Amino acid sequence: MSDSLLSKRLDRALNAAQYLTQVFPDFADPANSNEGGEVVKMGAIDITKLATWTEKDLGTSLRRQSLKEGFGLDVIEREERERTTGKSGPAPGLDPFYILRGLVIALGEGFEKGVKEVAIEDAESGHAIFIKVVDVRKVNDKTPLLVVQFRLDAKSLRGPYKYTFWKLASTNKLALLRCNTRSLMLLHRLLSLNSDRVPSSEYRSADLKATFILPVGPIEKTEIARLTRDFACALHPTAAANWATHKKTCNNLTTATWSTMTFGTISRDLPVLKNKGLYSVTRSMDGGSQKFGAKLLQKGEVPPNEHGDNPFLIKVQYNGSAQMMVYDRTRALETLFDRKDNPRVYDQIVALVKEKGFMGQKIYVWAKRTADYELSLALDKIPGQNVPW
């Protein structure tokens, strides 16, 4: 993948981590997005028109946590994946996005204590960022926006270069934070990205750039799916660069035996919603927006098919009942399997969930859309379950 494409992807990931289109709905306008829903054109945000933030506990207000994290399910899931696959993933404390979340919260906590100027240093590379929080604005009742000025310095804070930042500081309360190289560069990318969205204003100065910081949280799984959707292989995104070789070992669906399963709608199976056209209701467990989603169809309208005739991965979740929740990576399709529609295939899926799935509760399966309310499943070609979902 080219550096240019990687750069665009990183910017889109930062947009998603800020929940930008939810915080500023104008950016969700179709005119600002491509067919995949990714924001490709941004306008300026006049932060001076936002009201002043007056709520207490700014650090907590800047925190965005997923339901999964709140209940500790992310730890359980990671440990179980390591047990079943024998592979350990990166510790959360080393994830640059996770560290970025902590830095944003620290800036808010410091501001409330009267510490408005911070130097964030990477001891490895010698780079440092000077940040001055000059104001806190209110996007909505739950979303503060830090108005900041910043400057990146390629010198260490130690030795004679430390006076560079002390000169920029207007008080003697210059706090020092440290992080690793990747986290500092990610923070700088975020500051620079948002700086381009700030029009000329009173916040700019000769030595410092003006920008803003929104609460940063875990990226929604649907957004992760969009960020990786054009890779060559849904199971192994990093194999795209060497696809000719990788295809020989991965592309085995041509010999699969396909089993048909009708999928239903929640409105069909819950009488209270009968004829309401509602076919899915979701609560995000992985993202920090903690939003409800509801997809409404008009009577007779068919659930969308964004995959055409191509195979795609679905996640099947089983709770021991006669129904399973089924959805693809982008949640374009989010529906139910009901045992009464095909008991034989349903029971086969249950057996696979218990044998090869994750904690006997979910499994990833290859599927193809074969009719308006029908999927064909490659149940004899179950992929490895360490799927980047």
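We now turn to the structure provided with this report.

**Points about the overall build of the protein**
Within the protein one finds twelve helices and 14 strands. Across the 389 residues in the protein, those meeting the buried criterion constitute 46%. At a minimum sequence separation of 6, the contacts of the protein that also span at least 24 residues come to 68%. Accessible surface for the protein amounts to roughly 19900 Å². Of this, 51% is attributable to carbon and sulfur atoms.

**Remarks on helix H12 (residues 343-356)**
Over its 14 residues, H12 runs 20 Å from end to end, which matches the ideal 20 Å to within 8%, given 1.5 Å per residue. For H12, the set of buried residues is Val345, Tyr346, Ile349, Val350, Leu352 and Val353. End-on view of H12: buried residues confined to an arc of 165 degrees, all on one side of the axis. Looking at H12, the residues exposed on the side facing more than 90 degrees away from the buried face are Arg344, Lys354 and Glu355. Buried residues along H12 sit against strand S7 (258-264), strand S10 (312-318), strand S11 (323-328), strand S12 (334-338), strand S13 (362-371) and strand S14 (374-378).

**Considerations on the pattern of salt bridges**
Tallied over the full model, the rule gives eight salt bridges. Of the charged contacts in the structure, one is a salt bridge between aspartate 135 and arginine 137, with a shortest N-O distance of 2.9 Å.

**Details of the sheet that holds S11**
Within a sheet, each strand pairs with its neighbour through backbone hydrogen bonds, oriented either parallel or antiparallel. What the six strands build is a closed barrel, ordered S7-S12-S11-S10-S13-S14; its pairing is antiparallel. Within the sheet, the average angular offset between the axes of one strand and its neighbour, ignoring direction, is 45 degrees. Here four bridges tie S13 to S14, and the two strands are oriented antiparallel to one another. In the strand pairing of S14, arginine 369 is matched with leucine 375.

**Topic: the nonpolar core**
Counting residues in each nonpolar core, the largest one holds 32 residues, and the members touching the most others are Leu100, Ile120, Ile131, Leu146, Leu187 and Leu191. When contributions to this core are tallied by element, the ones reaching two or more residues are helix H1 (3-17), helix H6 (96-112), strand S2 (117-122), strand S3 (128-140), strand S4 (143-153) and helix H8 (181-195). The element that contributes the greatest number of residues to this core is H8, accounting for six residues. Sequence-distant contacts of isoleucine 131, defined by excluding residues within four places in its chain, comprise Leu107, Lys116, Glu117, Val118, Ile120, Val148, Gln149, Phe150, Leu187 and Leu191. In this structure, Ile314, Tyr318, Val326 and Leu377 belong to the second largest nonpolar core, which totals 23 residues.

**Describing unusual backbone geometry**
Unusually for a residue other than glycine, tyrosine 19 sits at a positive phi of about 55 degrees. Turning to its location among the elements, tyrosine 19 is positioned in the loop between H1 and helix H2 (20-23). The exposure class of tyrosine 19 is buried, given its relative accessible area of 6%. The residue arginine 331 is not glycine, and still its phi comes out positive at about 60 degrees. Topologically, arginine 331 is positioned in the loop between S11 and S12.

**Some points on the side chain of arginine 369**
Relative to the helices and strands, arginine 369 resides in strand S13. In this structure, arginine 369 is buried with no salt-bridge partner, the nearest side chain bearing the opposite charge being aspartate 372 at 5.4 Å. Within polar-contact distance, the side chain of arginine 369 engages the backbone oxygen of alanine 371 at 3.0 Å. Side-chain polar atoms of arginine 369 contact the backbone oxygen of aspartate 372, separated by 2.8 Å. In contact with arginine 369, not counting residues within four places along its chain, are Phe263, Val302, Pro303, Pro304, Asn305, Gly308, Phe312, Leu333, Glu374 and Leu375.

**Re the packing of H1 against H8**
At a minimum axis distance of 10 Å, the contact between H1 and H8 shows a crossing angle of 80 degrees. Judged by the inter-axis angle, H1 sits roughly perpendicular to H8. Packed against H1, whose contacting residues are Ser7, Leu10, Asp11, Leu14 and Asn15, the element H8 presents Leu186, Arg189, Leu190 and Leu193 at the interface.

Cut-offs and rules
- One numbering rule holds for all chains: residues counted from 1, following each sequence as written.
- In keeping with the model being predicted, local features are shown solely for residues with a pLDDT of at least 70 and side-chain atom pairs are shown and tallied solely at 80 or more, while totals for entire chains, interfaces and linings include all residues.
- Where side-chain values are given, they derive from all heavy atoms of the structure, hydrogens and water being excluded.
- Helix and strand definitions follow DSSP, with helices as H or I runs of at least four residues and strands as E runs of at least two, each counted in order from the N terminus.
- Relative accessibility thresholds used throughout: buried, under 20% of the residue-type maximum; exposed, over 50%; partly exposed, between the two (1.4 Å probe, protein chains only).
- For this analysis, residues touch if any pair of their heavy atoms sits within 4.5 Å.
- Each accessible area is a Shrake-Rupley estimate made with a 1.4 Å probe; only the visible protein chains count as cover when residues are assessed.
- Here, expected helix span is obtained from the residue count minus one, scaled by 1.5 Å.
- This arc is taken over the directions from the axis of the helix to the C-beta atoms.
- In what follows, salt bridge is the name for a side-chain nitrogen of Lys or Arg lying within 4 Å of a carboxyl oxygen of Asp or Glu.
- Paired strands are those between which DSSP finds at least two bridges.
- Between N-to-C directions, angles span 0 to 180 degrees; the directions come from axes that are lines fitted to C-alpha atoms, helices contributing only their stretch in contact.
- Only buried Ala, Val, Leu, Ile, Met, Phe, Trp, Tyr and Cys residues count toward a nonpolar core, and they belong to the same one when joined by side-chain atoms within 4.5 Å.
- Charged residues are defined narrowly, with Lys and Arg counted positive, Asp and Glu counted negative, and His plus the chain ends left uncounted.
- Pairs of N or O atoms within 3.5 Å make up the polar contacts considered here, provided that, within protein, one atom can donate a hydrogen while the other can accept it, and that residues adjacent in sequence are counted only when both atoms are side-chain atoms.
- Here the word oblique covers every angle except those under 35 degrees (roughly parallel), over 145 (roughly antiparallel) and from 65 to 115 (roughly perpendicular).

Nothing here speaks to function; it is geometry throughout.
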